[in-house]
Amino acid sequence: MVRTLIPAALLLSLQAAECPAILLEARALLDSQQIPAALVVAEKCLATEPLNRQALLLKGNLLYLSGRDSDAIATLRDLVQREPTNNDARYALGRIYYFGSRPEAALEQFQAIVNKEPRHYRAWDNLGLALDATGKPEDAIKAHLRAIDLVANEHKEYDTVYANLADLLIKQNENRQAFNFAVEAAQRNPRVARNYFLAGKALTRLDQWAKSERWLLKAAELDTADPAPHYLLAQVYQRAGEQAKASLERKIFKDLQDKAPDKKR
């Protein structure tokens, strides 16, 4: 039997051709919340294509979800430095900076994105979050409103910016406007507890406690692990003179607060 060797260049080409299938498998594992397994699979692609941008982006996100923040930042920062116009990598890096309490670094990434891609509504939305976190609420409101201009008609599935702006307006004591934006968020996505909670919270700030009840109850129904709606519901029932309900809500609030993680990812 005559044995022939596959040329090294052809072998690498064949191996690289497997990367798309490998990444599909890794993303499927991510979708099913099998984070460690997804990371192992993504590394298989990088073993043959160390600079594969899709694999590196996925790896960065998986490292973050694994709690390896510094490794995630290093992976994504290297990718951004090599490909400054890679807005997907910048966006992922900005999100990690923001949730890692580094809003100035996050702001830099989101600003770079909108400078190059002014219709990137998610970047405008997150730029608003970063601006607020750096003590610039007026600029943050403008950024959120820019995102809303972009999603109002073309991306009706996107509710997050309405909730983010509602949250910011509550902090600015602009509660009527906050309620309106929270209602729009709930109409766009009726499956998200936060949208209902913000509407209910705005109503309590407007001293409309009775009206807030149904919004807060819906928030508690949609996210049974969140203590926040129960804290306000206890006040709703206390004001209504329903002591038993108020006591129950306070107990639920305390129990959930004791179980709540310190940091959500």
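For the structure itself, consult the block above.
Quick notes on the rules
Residue positions are counted from 1 within each chain, in the order its sequence is given. Reporting of local features is limited, given that this is a predicted model, to residues whose pLDDT is at least 70; pairs of side-chain atoms are given and counted only at 80 or more, and all residues count toward the totals for whole chains, interfaces and linings. Processing note: side-chain calculations cover all non-hydrogen atoms of the structure and skip hydrogens and water entirely. Within 6.5 Å between ring centres, the rings of Phe, Tyr and Trp (the latter by its six-membered ring) count as paired, and their orientation is classed by plane angle as stacked under 30 degrees, edge-to-face over 60, tilted in between. Only DSSP runs of H or I covering at least 4 residues are called helices, and only runs of E covering at least 2 are called strands; the numbering of each starts at the N terminus. Between buried and exposed lies partly exposed: a residue is buried under 20% and exposed over 50% of the maximum accessible area for its type, with that area taken using a 1.4 Å probe on protein chains only. Take the residue count of a helix, subtract one, and multiply by 1.5 Å to get its expected span. Residue contacts are counted whenever heavy atoms from the two residues lie within 4.5 Å of one another. What makes a salt bridge here is a side-chain nitrogen of Lys or Arg within 4 Å of a carboxyl oxygen of Asp or Glu, nothing more. Two cysteine sulfurs form what is called a disulfide whenever their separation falls within 2.5 Å. Here, the term nonpolar core denotes a set of buried Ala, Val, Leu, Ile, Met, Phe, Trp, Tyr and Cys residues that are joined through side-chain atoms within 4.5 Å. All axes are obtained by fitting lines to C-alpha atoms, using only the stretch in contact for helices, and the reported angles, taken between N-to-C directions, cover 0 to 180 degrees. Angular relationships are summarised with four words: roughly parallel below 35 degrees, roughly antiparallel beyond 145, roughly perpendicular across 65 to 115, and oblique for the angles in between. When the near helix sits turned anticlockwise from the far one by under a right angle, the crossing is termed left-handed; a clockwise turn instead gives a right-handed crossing.

(A) Focus on the packing of aromatic side chains. The full count for this structure, using the stated rule, is seven aromatic pairs. Here the aromatic rings of Y196 and W215 are separated by 5.8 Å at their centres, their planes lie at 35°, and the arrangement is tilted. Taken together, the positions of Y196 in helix α12 (residues 193-205) and W215 in helix α13 (residues 209-222) put the pair 19 residues apart, joining distant regions of the chain. On the basis of relative accessibility, which here comes to 9%, the residue W215 falls in the buried class. Between Y231 and F253, the aromatic rings sit 5.2 Å apart at their centres with planes inclined by 55°, giving tilted as the arrangement. Here F253 lies in helix α15 (residues 243-259) and Y231 lies in helix α14 (residues 228-239), a separation of 22 residues in the sequence. What makes Y231 partly exposed here is its relative accessible area of 46%. By relative accessible area, F253 is classed as buried at 18%. Taken together, the ring pairs in this structure connect F179, Y196 and W215 into an aromatic cluster.

(B) Representation of helix α10 (residues 160-171). Here α10 contains 12 residues, and its C-alpha end-to-end distance of 17 Å stays within 8% of the 16 Å for a straight helix at 1.5 Å per residue. For α10, the tally of buried residues reaches nine of 12 residues, placing the bulk of the element in the interior. Along α10, the positions that sit buried rather than exposed are V161, Y162, A163, N164, L165, A166, L168, L169 and I170.

(C) Here's a closer look at the environment of R27. Within the element layout of this structure, R27 appears in helix α2 (residues 19-31). A sequence separation of 12 residues divides R27 from L39, and the C-alpha atoms of the two residues are 9.5 Å apart. Beyond its immediate stretch of four places on either side in the chain, R27 contacts Q54 and L58.

(D) The arrangement of the pattern of salt bridges in detail. Per the stated rule, a full pass over the model turns up 11 salt bridges. Of the charged contacts in the structure, one is a salt bridge between E242 and K245, with a shortest N-O distance of 3.4 Å. The partner of D258 in a salt bridge is K254, and the shortest N-O contact between them spans 3.2 Å. Residue D258 and its partner K254 are both found in helix α15; the two are separated by four residues, about one turn of the helix.

(E) Spotlight on unusual backbone geometry. Backbone geometry places S101, a non-glycine residue, at a positive phi of 60°. If you trace the backbone, S101 turns up in the loop between α6 (87-99) and α7 (103-116). Residue class for S101 comes out exposed when judged on its relative accessible area of 65%. Positive phi values are uncommon outside glycine, yet D207 reaches one of about 65°. Checked against the element boundaries, D207 lands in the loop between α12 and α13. Note on D207: relative accessible area 55%, which makes it exposed.

(F) Representation of the state of the cysteines in the model. Enumeration over the complete set of coordinates arrives at one disulfide. Between the sulfur atoms of C19 and its disulfide mate C45 the distance is 2.1 Å. Between C19 and C45 the sulfur-sulfur dihedral comes to about 110°; the bridge is accordingly right-handed. Separated by 26 residues along the polypeptide, C19 in helix α2 and C45 in helix α3 (residues 35-48) bring together distant segments of the chain.

(G) Just the nonpolar core, in detail. Judged by nonpolar contacts, the single largest core of 80 residues is most densely connected at L62, L127 and W215. No other element matches α10, which puts eight residues into this core. Beyond its immediate stretch of four places on either side in the chain, W215 contacts F179, V183, A186, Y196, F197, A199, G200 and L203.

(H) Quick look at the packing of α2 against α3. Running from amino to carboxyl end, α2 crosses α3 at an angle of 165°, the nearest separation of the two axes being 8 Å. If you check the angle between α2 and α3, you find them roughly antiparallel. As α2 runs across α3, the sense of the crossing is left-handed. Here C19, I22, L23, E25, A26, L29 and L30 of α2 come into contact with α3, specifically with I35, A37, A38, V41, A42, K44, C45 and T48.

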